[in-house]
Every structure is written in C-alpha cells, then in structure tokens.
Amino acid sequence: MPFPMLSTINLFPLLGGFLFLLLPSEKKGLLRGSALCLSLVPLCLSFALLLQFDRSTNVLQYVEKFPWIRAIGVDYFLAVDGLSLTMIFLTTFLTPLAILTSFSIEKNLKTYLFLFLLLETGMLGVFMALNFFHFFLFWEVGLIPMFFLIKVWGSENRHYAAFKFFVYTLSGSVAMLLAFQLLYLASGTFNFTELAELSQSGLLQTQLVFLTQRVGFTLSPDTVMTIVFFAVSLAFAIKVPIWPFHTWLPDAHTEAPTAGSMVLAGILLKMGVYGFLRIVLPIFPEVLQRFAPLLGLFALASILFGAFAAMAQTDLKRMIAYSSVNHMGYCMLGIFAIAAQGEVEAKASALNGVLLQMFNHGISAAALFFMVGVLYDRAHTRDLSKFGGLRKIMPLFAGFMGISTFSSLGLPGLNGFISEFLIFRGSFPLRTGLTLFATGGLLITAVYLLTMIQRLFHGPIGSSHPHLSDMTQRELAVTIPLVFFMFLVGIYPSPLLELTNRSVLHLLEIFS
Amino acid sequence: MIPLSHFLTVSAVLFAIGLYGVLARKNAVIVLMGIEIMMNAANLNLIAFSRFLPANRLTGQLFALFGITIAAAEVAVGLALVIAIFRMVKTIEVDRIEKLKG
Amino acid sequence: MEGLLNHCFWIPLFPLFAAALIAIFKNNRRKAASSLAILAIALSFIFSILLFLVYLRGHEEGHGTLRVLLHFPWFTSGGTPEVISFIVDPLTLMMLLVVTLVSLLVFIYSLGYMHEDPNSVRFFCFLSLFAASMLSLVISNHLLILFMCWELVGLCSYLLIGFWYEKPEAAEAAKKAFIVTRIGDIGFFIGLLLLYQKTGSLLLYGEGHPSLFSPEMLHLLKTHAVTVPFFGGILLTTLLGVLLFMGAMGKSAQFPLHVWLPDAMEGPTPVSALIHAATMVAAGVFLVARMFPLLDGTGAMTVISWTGGFTALFAATIAIAQFDIKRVLAYSTISQLGYMMMGLGLGGLVAGTFHLMTHAFFKALLFLGSGSVIHGCHGEQDMRKMGGLRKEMPVTFWTYLTGTLALAGIFPFSGFFSKDEILTEAFTKNRTLYGIGTLTAFLTAFYMFRQIFMVFLGKGRLHGHPHESPPTMLWPLRILAVLALVSGFVGTPFLFHNPFHHFIAADREGVAPSYLVMIVSTTVALSGILTAYLIYGRRAFIEDPLIPALKGFFRLLEKKYYMDELYQNTFVRAISSLASLFKTVDQVLIDGFLHLTGFASLTLSRFNQWIDNFFINGGFDKACAGIRGGGGKLGRLQTGRAQDYLLYASIGAMVSYLLFRLL
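Bear in mind the structure is a predicted one, so any value in this text is a computation, not a measurement.

Cut-off values and rules
Residues numbered from 1 in each chain as written. Chains lettered and ligands numbered in written order. Predicted model: local features only at pLDDT ≥ 70, side-chain atom pairs only at ≥ 80, totals over all residues. Heavy atoms only, no water. Helix = DSSP H or I, 4+ residues; strand = E, 2+ residues; numbered from the N terminus. Buried < 20%, exposed > 50% of the residue type's maximum accessible area, 1.4 Å probe, protein only. Areas by Shrake-Rupley, 256 points an atom, 1.4 Å probe, with all protein chains shown as cover. Expected span 1.5 Å × (residues − 1). Polar contact = N/O pair within 3.5 Å; in protein donor to acceptor, adjacent residues only side chain to side chain. Contact = heavy atoms within 4.5 Å. Axes fitted to C-alpha atoms, helices over the stretch in contact; angles between N-to-C directions. Parallel < 35°, antiparallel > 145°, perpendicular 65-115°, else oblique. Nonpolar A, V, L, I, M, F, W, Y, C, P; charged D, E, K, R; others polar. Buried area = accessible area lost by both parts, 1.4 Å probe. Salt bridge = Lys/Arg side-chain N within 4 Å of Asp/Glu carboxyl O. Phe/Tyr/Trp six-rings, centres within 6.5 Å; stacked < 30°, edge-to-face > 60°. Lys NZ or Arg CZ within 6 Å of the ring centre and 35° of its normal. Left-handed = near helix turned anticlockwise from the far one by under 90°. Pairing = 2+ DSSP bridges. Patch = residues over 30% accessible without salt bridge, like charges linked within 9 Å, V, L, I, M, F, W, Y side chains within 5 Å. pLDDT = per-residue confidence, 0-100. Core = buried A, V, L, I, M, F, W, Y, C linked by side-chain atoms within 4.5 Å.

Mind showing me how you'd approach the overall build of chain A here?
Counting its secondary structure elements, chain A contains 20 helices and two strands. Summarising its shape, the C-alpha atoms of chain A cover approximately 70 × 55 × 45 Å along the three principal directions. Taken over 512 residues, chain A has a buried fraction of 67%. Roughly 16,200 Å² of accessible area belongs to chain A as shown, and the carbon and sulfur atoms make up 68% of that amount.

Explain helix H17 (residues 394-408) of chain C here, please?
Since there are 3.6 residues in each turn of an α-helix, residues three or four apart along the chain are aligned in direction. All names here are of chain C. For H17, spanning 15 residues, the distance from its first C-alpha to its last is 21 Å, which sits close to the expected 21 Å at 1.5 Å a residue. Among the 15 residues in H17, 13 count as buried, and that is most of the element. Gly409, located one to two residues past H17, shows a positive phi value of around 85 degrees.

What's the story with the side chain of C:Thr358 in this structure? I'm lost.
All names here are of chain C. On the secondary structure map, Thr358 appears in helix H15 (residues 349-376). In terms of polar contacts, Thr358 uses its side chain to reach the side chain of Ser418, at 2.9 Å. For Thr358, the residues in contact, after removing those within four places along its chain, are Ser414, Ser418, Ser487 and Gly488.

Looking at this structure, I do not really get the packing of helix H7 (residues 192-201) of chain A against helix H8 (residues 203-214) of chain A. What am I missing?
To characterise two packed helices, one gives the angle between the axes of the helices and the distance between these axes. Residue and element names in this part refer to chain A. Axis separation between H7 and H8 bottoms out at 4 Å; the angle between their running directions is 85 degrees. Regarding the angle of H7 to H8, the classification is roughly perpendicular. Contact residues: Leu195, Leu198, Ser199 and Ser201 in H7; Leu203, Leu204 and Gln205 in H8. Classifying every residue of the contact of H7 with H8 gives four nonpolar, three polar and no charged.

Could you clarify how one ought to interpret unusual backbone geometry in this entry?
The phi torsion of most residues other than glycine is negative, and most of the peptide bonds are trans. Geometrically, the link from A:Trp243 to A:Pro244 is a cis peptide bond, its omega value of 0 degrees lying close to zero. Residue placement: A:Pro244 occurs in the loop between helix H9 (221-239) and helix H10 (248-255). With an omega of 0 degrees, the peptide bond between C:Phe255 and C:Pro256 qualifies as cis. Structurally, C:Pro256 is set in the loop between helix H8 (236-251) and helix H9 (260-263). Phi is positive for A:Asn108, close to 45 degrees, though the residue is something other than glycine. Here A:Asn108 is to be found in the loop between helix H3 (82-101) and helix H4 (109-128). You will see that C:Tyr561, though not glycine, has its phi angle at about 55 degrees, which is positive. Under the relative-accessibility criterion, C:Tyr561 is labelled partly exposed at 26%.

What exactly am I supposed to notice about the interface of chain A and chain C here?
Think of interface size as the accessible area that goes away when the parts come together; that is how it is often given. At the junction of the two partners, chain A supplies 58 residues and chain C supplies 49 residues. Carbon and sulfur atoms make up 69% of the surface buried where chain A meets chain C, a total of about 4,800 Å² over both sides. Inspection of the chain A/chain C interface yields three salt bridges. The shortest N-O distance in the salt bridge between C:Glu166 and A:Lys392 comes to 3.1 Å.

Hey, could you run me through the interface of chain C and chain B in this one?
Opposite the 10 residues of chain C that make contact, chain B presents 15 residues. Roughly 960 Å² is buried in total at the junction of chain C and chain B, and carbon and sulfur atoms are behind 57% of that figure. Together, C:Gln638, C:Arg641 and C:Gln643 form the three largest contributors to the area buried by chain C at its contact with chain B, with a combined 52%. Counting the contacts that link chain C with chain B gives zero salt bridges.

Help me understand the pattern of salt bridges, please; the structure alone is not making it clear to me.
Close approach of charged atoms allows side chains of opposite charge to pair. Tallied over the full model, the rule gives 20 salt bridges over all chains. C:Arg182 is the partner of C:Glu151 in a salt bridge, and the nearest nitrogen-oxygen pair spans 3.1 Å. Here C:Glu151, found in helix H5 (residues 143-161), pairs with C:Arg182, found in helix H6 (residues 168-199); they are 31 residues apart in sequence, far enough to count as distant. Here C:Asp564 makes a salt bridge to C:Lys176, at a shortest N to O gap of 2.9 Å. Taken together, the residues C:Asp564 in helix H25 (residues 563-635) and C:Lys176 in helix H6 connect sequence positions 388 residues apart. Each of A:Lys164, A:Asp251, A:Arg318 and C:Asp591 takes part in a single network of salt bridges with overlapping partners.

Explain the packing of aromatic side chains here, please?
Given two aromatic rings, their pairing is described by the distance between the two centres and the angle made by the two planes. In total, this model carries 75 aromatic pairs over all chains according to the counting rule given. A ring pair is formed by A:Phe229 and A:Phe291, whose centres lie 6.5 Å apart and whose planes are at 15 degrees; its orientation type is stacked. Of the two residues, A:Phe229 sits in helix H9 while A:Phe291 sits in helix H12 (residues 285-311), which places them 62 residues apart along the sequence. What links up through ring pairs into an aromatic cluster is the set A:Phe132, A:Phe135, A:Phe136, A:Trp139, A:Phe180, A:Tyr184, A:Phe190, A:Phe192, A:Phe236, A:Phe276 and A:Phe336. A cation over an aromatic ring shows up here: C:Arg478 above the ring of C:Trp475, its NZ or CZ 4.5 Å from the ring centre.

I would appreciate a short explanation of the packing of helix H18 (residues 432-457) of chain A against H6(C) in the present structure.
Packing of H18(A) against H6(C) leaves a shortest axis separation of 10 Å and a crossing angle of 165 degrees. Viewed along their axes, H18(A) and H6(C) adopt a mutual orientation that is roughly antiparallel. H6(C) is crossed by H18(A), and the crossing has right-handed handedness. Residues A:Leu436, A:Thr439, A:Leu442, A:Leu443, A:Ala446, A:Val447, A:Leu450, A:Thr451 and A:Gln454 of H18(A) pack against C:Pro168, C:Ala171, C:Glu172, C:Lys175, C:Phe178, C:Ile179, C:Arg182, C:Ile183, C:Ile186, C:Phe189 and C:Ile190 of H6(C). For the contact of H18(A) with H6(C), the class distribution of residues is 14 nonpolar, three polar and three charged.

Would you mind going over helix H16 (residues 395-408) of chain A with me for this structure?
Residues and elements named next belong to chain A. Its 14 residues place the ends of H16 20 Å apart at the C-alpha level, agreeing with the 20 Å of an ideal helix rising 1.5 Å per residue. Buried residues dominate H16, accounting for 10 of its 14 residues. For H16, the complete set of buried residues consists of Phe397, Ala398, Phe400, Met401, Gly402, Ser404, Thr405, Phe406, Ser407 and Ser408. Immediately beyond the C-terminal end of H16, within one or two residues, lies Gly410, with a positive phi of roughly 80 degrees.

Could you clarify how one ought to interpret the pairing of strand S1 (residues 61-69) of chain A in this entry?
The two faces of a sheet get side chains in turn, since along a regular strand they alternate between them. When S1(A) meets strand S2 (residues 74-80) of chain A, the two strands line up antiparallel, connected through six bridges. When the sheet's bridge partners are listed, A:Gln61 is paired in S2(A) with A:Val80.

What am I meant to see in a nonpolar patch on the surface here?
Residue and element names in this part refer to chain C. Nonpolar side chains collect at one region of the surface, where Leu634, Leu637, Leu647, Tyr648, Ile651, Val655, Tyr657, Leu658, Leu659, Leu662 and Leu663 lie side by side and expose about 1,200 Å² of accessible area between them. No other element matches the eight residues that helix H26 (residues 642-662) contributes to the nonpolar patch. Mapped onto the fold, Tyr648 is located in helix H26.

Just checking my understanding: could you explain the side chain of C:Ser370 for this structure?
Mapped onto the elements, C:Ser370 comes out in helix H15. Not counting chain neighbours up to four residues away, the residues in contact with C:Ser370 comprise C:Thr269, C:Ile325, C:Lys326, C:Leu329 and C:Tyr400.

Can you walk me through the arrangement of the chains in this structure?
By contact count, the leading pair among the two pairs of chains in contact is chains A and C. At their nearest point, the C-alpha atoms of chain A and chain B are still 29 Å apart, with no contact between the two.

In this structure, what is going on with the pairing of strand S2 (residues 80-88) of chain C? I would like to understand it.
Residue and element names in this part refer to chain C. Of the pairings in the sheet, the one linking strand S1 (residues 68-77) to S2 comprises nine bridges and is antiparallel in character. Paired with Thr76 across the two strands is Pro81, which belongs to S2. Between S1 and the antiparallel strand that follows it, S2, lie two residues; Gly78 among them carries a positive phi value of about 65 degrees.

Teacher, can you tell me more about the confidence of the model for chain B here?
In low-pLDDT regions, the fine details of the predicted coordinates are not to be read closely. Residues with a pLDDT of 70 or more make up 95% of chain B, whose mean pLDDT is 87. Our summary of model confidence lists the complex with pTM equal to 0.84 and ipTM equal to 0.91.

Could you clarify how one ought to interpret the nonpolar core in this entry?
Across soluble globular proteins, you tend to see nonpolar side chains buried next to one another. A:Phe135, A:Phe284, A:Ile335, A:Leu456 and C:Trp260 are the most contacted members of the largest nonpolar core, which has 425 residues in total. Per element, the largest residue contribution to this core is 20 residues, and it comes from helix H14 (residues 344-379) of chain A. In contact with A:Leu456, other than residues within four places in its own chain, are A:Leu316, A:Leu375, A:Leu384, A:Phe387, A:Gly388, A:Gly389, A:Leu390 and A:Met401. Within the second largest apolar cluster, 15 residues are counted, among which are C:Met342, C:Leu346, C:Ile422 and C:Val517.

Structure (structure tokens):
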C-alpha cells in the first residue's frame, strides 16, 4: 500500500491537536509555537502534493478507497484532482497564517488554537472526500469550531451572529442530508463518482421514481431530480452565499475574531462553490441546465446587490464581507453560465476562471480581513467615518492594504483580474445579457473600495487615533506571503491553471 | 480436643467486639483496632476450619498468614490516613468528619 | 543589430525594475531614488532611440511597414494558449520616443519641483511605474495585455493625482479619475469580450497565430452584422469600435467622460504634465490609432469624429472662463484631444498621431511652465493674482510663449503643421467638422493669449515676491521649447516630403495639403490673439472684462456647464440611493423575514411548552414533586460519617441474611 498522503494531510492537524491538548495551558508561547508548527506540516505536505501532482491527466490521484461502514455502504474514499488541489493548498496555506494572526489572543488560548486545528481537518476533509458520508462528516466538523470561534472569541454581538451562522448553515445541511439519504436509498451508494455515472446513464432517475412509487407518490423523474437538486443546492447556496441567503455572512464576519474571518472568507465560502463543482454539476447536469437561466439571475443579484450593499456600509468589516458576496457572485455566474449551450472553449474559460477566482478570493479576502484586524487591534473601532489620513502614520499598512484592495477590485497585474477576466470571457458568449449586467459590478466594486481607501488613508488624520503604530514583524509575516501570491497569480497564473485545466475539461464532457 | 463450635463461638464474639468498636467508638485509632479484631476473628475462623475439615492441606493457615500481612499493611495505611485527616481537620473523632456527605 | 528589436521589452522593464527597487527604499533616500528613476528612464530613452535607428535602417532597405513580433507563452485555458506578445512597428516607435523623452524631461524637472516634498521617494516610484505601464502599453501586441497596462496606467494616475493625499480635494480627484475612466474601461472590457467571442483571439498581429488584423479576420469582422437591442442590426465592427472607443473616451477625457481631467490638477504639476502629454490621455488616442485597421471605414469612425469635434469645441469654450492657470491648460488638453480624435475619426491616422506627438511636446512644456510659475509664485494658481511675471521669470516666459504659439497654431511652430493636417482632413471630408475645428482654433488662440496676458504681461498683482525656478526645472523647459518649435517639421509636406507620414503609414494615401486651409487657420489664430490683446492686453483690469460682456453665459462656462453638478445629482445620487436601498433590503426584508421566522418558531415552541406544562405535565409534575420530596428525606441518611455508612451496610447485611434464611 502506498503512503496515505491525503489521510496524513487531512488527519494530521486533528491528531496533532490531541497531543497539543496535553500541553500546559499557562505556557502561551509554547502553545502558539507548537500550534504553528503543527499547521505547517500539512502545508509542506500539500506543497509536495502540488509538485508531484500529474498535470497531464484528469484521473483522480492519490486515491485511498476502502470500505468503512459496510452496513450502509460507506467507503473511506479520498482523492484529489484539479478541482480540489488548489483548495487543499489554499486551506493548508491560510491556516498557519490564521494561527499566526491569532498570536494576540489571550483568552482560552489553548482551546482556541485547538479549534483551529480541528477546523483545518474539517475543511481539508471536505475538499478530499469523495463519499457523501465522509464529506458530510467533515462538512459538519468544519461548522462546529467556527461556531465556537465566533461565539466565544467574537465581539459585542457575537451570540446573535454565531447562532445565525449555525442555524443558517445547519438548515442547509439538513436539506442536503435528506437529499443524499434519498439518493442512497435509490442507488445504494454514497460515492460521488458512482452517483454521477448512474445519473448520466439515467439509472439513478429510474431508481428514484421506483422509490417514490413504493411510498405512494407518482412523480416524473425530472420532478424527483429537481427536488433533490434544490435540496442539495440549498446547502451550497447558503455556504457560498448566493443572494438572498447571504445575510448570515456580514454578521458572522463582523463578530468573528480576525483569524476566524480570514478562514471563513478564505476557505469556508469556497466549500459552497466546491460543492457545486464536485456534486451538483456531475450529478444533476440536466436539472442545472433547466434552471440555470433562473439561477443566473441570483448570481447576478449577488454581484450587483452585494456590491451596492457594500457601498452603503459604514463598518469596515461588514463592507468587506459584502464584497465577498459580490466576488463569490462571479464564481456562481461562471458556474451557471456553463450550463448554457455553447462552445467548450468558453465553458473551460469560465470554469477555470471560477477555480482561479476561488483561490484568488481566498487570498485577497483573507488579506483584507487581516488588515482590518490589524487596524481594529489598534484603534478598537471599525467605523469608517472615524478614520482618516492613516497613510501618514501607518505607511506600511497603507501600502499593503492598498495592494490587497486593488487585488480585490480586479486590478490587472494582481490576482483578481485574471480570474474575473476568464469568468467574463467564458460567460459572455454563453449568457451575454447576464454578463453585460454583471460588468456593472466591476464599477461599483471600484467605487466602494476606493471610497474605503479614501476614508481610511486620505485626508487629514482622524482625531480619534493620532498615534497608531505601524505593522509589527509578525503582522508583516502574515501579510507578505499573501501579497506574494497576489502578484504571482496576477502576473503568471499558469501554474494554477495547469492544475485545473485538465479536470475542468473532463468535467465539461458531461455538458457537451 | 476442643470442638469446632468453640472456636467459632470465640471468633463470633471477637467479630462482634470488633464491629462494635468500629461502629460505635469515636476515636479513629480505636476504630482501626476494631477492624484489626474483626480481621483476627476471620483468621481464627480460617485456621479452625482448616484444622477440622477433612482435606487438611494448610490452605486455611496460609490464608491466615496472608490475612495477617494484609492487616498490617492496612493498619499502616489507615494510620497514615488518620494522621492526614488530623492535619486537615485537627481531630480524629470520626463522627465529626462529615466530608463524605454528597 | 536587427536582434536589438527582439529586446524591445526591456524598455518598460527598466522603469519597472526601478519602481520595484524604489518601492523598498526608505523615505529618506531621496537622492538614490530620484537618480535611479532618472537613470532607468534615460536607459529606456536611449534604447528607444537605438531601436528607432535600427528600425529605420530596416525600413530603408525596403521591407515596407515592418512589424517585429515577440511571443511568450502565458497561460492555457481549455485548448487555447494565450501568449504575451510584443510588437515594434512605426506607431510603437513613435510613442516610445515621445513617452520616454517627455518622461525623462518630466523626471528631471521633478528633481527641482519635488525637492522639498518629504515623500519624494514614493513620487519617483509611482512616476517610474507610470512610465513603465505606458511603455508596456505601447509595445503590447495583445489586447488583453494592452488592457492590463491600460488599467495600470489608470492606477498610477490614481496614485499620482492623489499624491498629496492629506488634501481631501486631491483624494477626491484621484478617486474620480479612477472611477470615471473605469466607466469607459468597462465599455472597453465588453468590447474585448465581444471581440474574443467572435474571433477567439485578442492578438493584434500574428505570424502563424490567429490574429485580429490578419486580412481574413478583418474581412470576417467587417462583414459580420449583429443585432443589438434598441439599435437594430449594425455591423459588428461598428459596435466593437464604439465599445473600444468608450475606453478611449474615458482615458482621453472625451465628452461626456471628460470630468475627471480638470480635477486631476490636484496632483503635483509634473504629474499633470505627464498625464496630459505623454501617458494617460495619450493612451486613448493611441488605442484608436492602434485599432485603426479594425475601425477604418466603419460607422464607429463617425462616432469618433463627432465626439472628438464636439469635445474640442465644448472644452475650448469652458477654457475661456477659467481662472486657475492649470485648469485652462486642462481644458485645452481636452480640446486638443478632441482634435486628435476628430482627425482619427475622419480617417487621418497620420494627422491624429502627428498631433498627438507635437501636442505631447508643447503641452508638457506648458504644464511644466505653469509649474514653474506656480513654484515661483509660492503655490499661487489663480491667474487673477498674477501678472507681469515676464520680468521676474524670463526663461519661463519665453518657453511658455513658445508653447502657447505652438498650441495656437502659428507658423512655424509645431502645432501649426499638425493642426493643419487635421483641418485639411476635415476640410476635404466633412465641412461641418471643419467649421467646428476652425472655431476651436480661434478659441484656443484666444484663451491661451488671455492666459499669457493675465500671467506674464500687465501689472503684477501678486502678494509676495516671485522668483525664477532652479536650473533642473528650466532645462527641461528649454529642451521642450526647442521641440515645440521644430518637431512640426518632420510632418510638413514642404520639407523632405513629409517623412512622418511615410514612417507611420507608408501605404495610406494622405490628403493633399491645402493652402486655403493654412491661410484660414493662421488668420483665425491671429484674430484670436488680437481679440485677447484687445480685451486683456490694452489696459489693466481687476475683474475679468468678459464677465460684464457675457454675463450669465460666462458663469455657465466658469461652472463648466454644470456637468459635475449634473452627474452628482443623477448618477452619483442614483448609485448611493441604490446602495442604501440594498442595505435596507438586507436589513429589513431578508433579515426581517428571518427574524420573523425565528420569532414564529419561538412563539410556536412557547405555545407548545405551555401545552406541555398545563396538560401533560400537570399530573406528571406532582409525581415528580413527590419523588423529589422523598429523595430529600432519604438524603438525610447521607450524613457523611463513615461509621454511619458502615452501620447501614451491617444492617443491610443482616437484613439480607435474614431474608435469605426466611425465604
């Protein structure tokens, strides 16, 4: 048996976390250092994975598959392909940075850091698992630490935010769980690959109809598939989030501790988009094609309404949270566009764009939330109207925040542009009208982000904060890797696109 | 030869005395002594049965030896506990030690 | 030496590296930063000249219009690889020379101008980046790369206009510049998407690669009709042309997207010179010239020429009622850009690019000159408070006058030749536009000499003593003055048979020079100068003599036709109300619904709880209470004394013994 690379990456933070719990909780320096080291190991491993990954093929790699719970047909099934690899790398990359960010936490430090390690395992599991049971387990494992991170270490209104986050996500999860119960009863498997094959051969639909007839309903295959589709999509739509399921996001972000926001925006949101790519596209292609025109409108709403709502915010973190709604809207635009009739080239462009956008948004949103955290640590307010002239007293901070902001608004040369261009280039021939309206989002994004820059950095120095210190070494250590990736992907996106391109083309074979 | 019933009677009397000491006396040292007496009552029983029962293989005697050893160890532990308790509550009057109340 | 052409990408790389290096400099290494920036741009300039010479030699050997292309792989999505591609052709070379030369002079000038600024290290960093972006823009052969550099140019202008960020006006102006140009850029972006959809390539010229300007592709594009909602069927190229031109409208400040340029005066003056002459606004004109093969002969040309003509006149009228020395120049730039667009739109590729070049020199000269004036007047920019500066600032005056004469189009200054070429173009093709152009020429001469009279002649009205600027500022002025004087001769039909034309577009038939047009335009320009003299030159004044003459109209002009107020009250307000609307939708509608659901389920559960308590638990609770009471009583047995427990155990043992015995 080959070395179980994926399991190691996946479970290392958890197992390491148990050992971590044995450390004395008074020695905070030791706790911080060891948590950081523990999170660096998966990073090194996933970097090795990145290098060893065979870019010339679309087959699943590093497969680990064996029966787990025979009674209900659950397999332990881990594998990577181009869809998940970038996300795995992003997760292992952002977690150490989040932990480094958390060095300023004093309250219940040990529990806090343990929750982060647990969170990493949960997120990694979601991106690696190819069996629904396995997937769902980690999906929920990712939810719980985040709930506690918000609830215990959040700011004033944290209980409300944590509760809202939990209930929202859980209601989606319940729908998804029920839908997969149904699929299992019909097909006898939880494996995504097998479900996709069954669905494409039409067997799944017939089985579902049999099942409904046995319990006394007479439904057409399309209806059953539609119901299942919407149940599954709801869970992902909430996680992404797509308008109008997005209102948990600003609250959760505003209340979460800085590192929590980084991971929430950087990775947890991507789990929704990833779900669409991994589950919805292969298993429900026809239903998606039927409803894509409608769903595309929701993506457009996310882009435009998210941008407009961001413009009206006065709380810095809320504004950036809304910008996430806006940016994830582009991902959804790309996904819903490929369901339309059109050339494979365009679809490949859109889908590559989506994958790249997931990575890019992970980087830029994490950077922006981190920056806001840096500012909040010093000024203890996030109210935009109270700031001004910060560039004078915090030049380094202003520079890096400026780069992150421009990366977020899609300036060429930084990462956001390439992915947005690919998405637009792909979806324009497929859904012309929709894409035209979506370009309006580019303008509004520029308006509110530049307004933010102006209020924070320009003009006379705000009276409430004449003596803020610039970024510390530790804060620079968090920022510089993020900024490095902004430039790297912005100038030379090829390494990432090489990873995704094959898998994207493979995925698109369903739609041609 | 003294019949078995005598031995058993002495043993029962010893046990009753010991039980009384354990249940009714206040001084923890006396309680411990009560326990010792009860142990010796048991030992006496063992030896008596060993002597009078047909398959005489010294099993009872051996058990009694073990019992004596254990009793010694138990007294040592018990006295240590008594000292520890005395340090904590400044008394060895067992009815004033109510820490076991749930 | 031919191999040198394959290294054209070094030209933008020099200033780019300089910018990257300066970015990590500390704020006090002013000298190192400025020398590095100047060295880099000087290298680019020398390299450009070398390229030009090498190219010319190849040109003379009879290759026709030679294009040198370079392709580097970039990324692959789907099955099509994208390449980074560079081009060296006459248009590129012309732009390279102009941009590097003007940038070099502006950089040197900035040494003096920004001498006292504490952030001058940043300034040189941004300037270098600005030059690098513009230089990569002109050598890129791929529309996506061009668009990327285009946006970077926008970013740099944002950074530089807002360089004095403590001033709220500067910050506001920077934001406005970025957003207004981005409106145009979105049109450009959509144009790119459409172009890619129809052709599958954004490469301009390609040897072997599918490219836009290959004859087959051009034919395909120019015959393809599309249906646009509300417009009906139009030619694809027309639609594309208009979309691409939207980008140019934003960058080159054409009506109605011109509003950012006058506000951009908030930046330091060298930046204004760079923006107005060589980099930012030139990009729009360059784009139209670059896309000329696609646009030529389509309906988009009409849009371009009329927008240009209208802008030229519109901005010229505003310029006559401005009092800020830099604002007058700003509106004159808008007006001249309109001229270039008009020339290009009429099919005058050479005329438009020629004016772009000469304008770059004399407008840089004028801006640097105005900077020298402002520097000498201790930051004063209001022309009403100047006057009589000729004596204190002789070099500035004479160079400024050269620039003014060039802008007014007086023989033999460069503006005369380039402007006339555009007017000749208009005269032969569209008489209405010719009329507009001539009227603009009159207004241009008028407002420029109004400025000369107000600033340099007459009585001094300045509080404080003006002084001449340091040599680092004067030498660039002198060089630019020479260029403003002589650069026109490369494009004159009389000497050397118009080498500029042969260089840029050897294969295009130019319009024949017309003496009538020359005489008319010279007369018009002279009469403009005369009018300015009559109004401003003859006697001293305090109030502008035009105010009583034009009354309300003057006020309208001074307020720039209230365009800013119009936009403020329509678009800006609409966007902010939409923003508050969607904030409210989230807070009231969506969250309201959520909270209502939450409230409803809470109420339901309360009701349920009440039912439970009242009906079900009614009896159960009593039983529970009984058990709890009994438990309490039994609990008393737990005394905490070990002896008691032992007693219970003994009693228990006896009882069980008895039980076993008895049963």
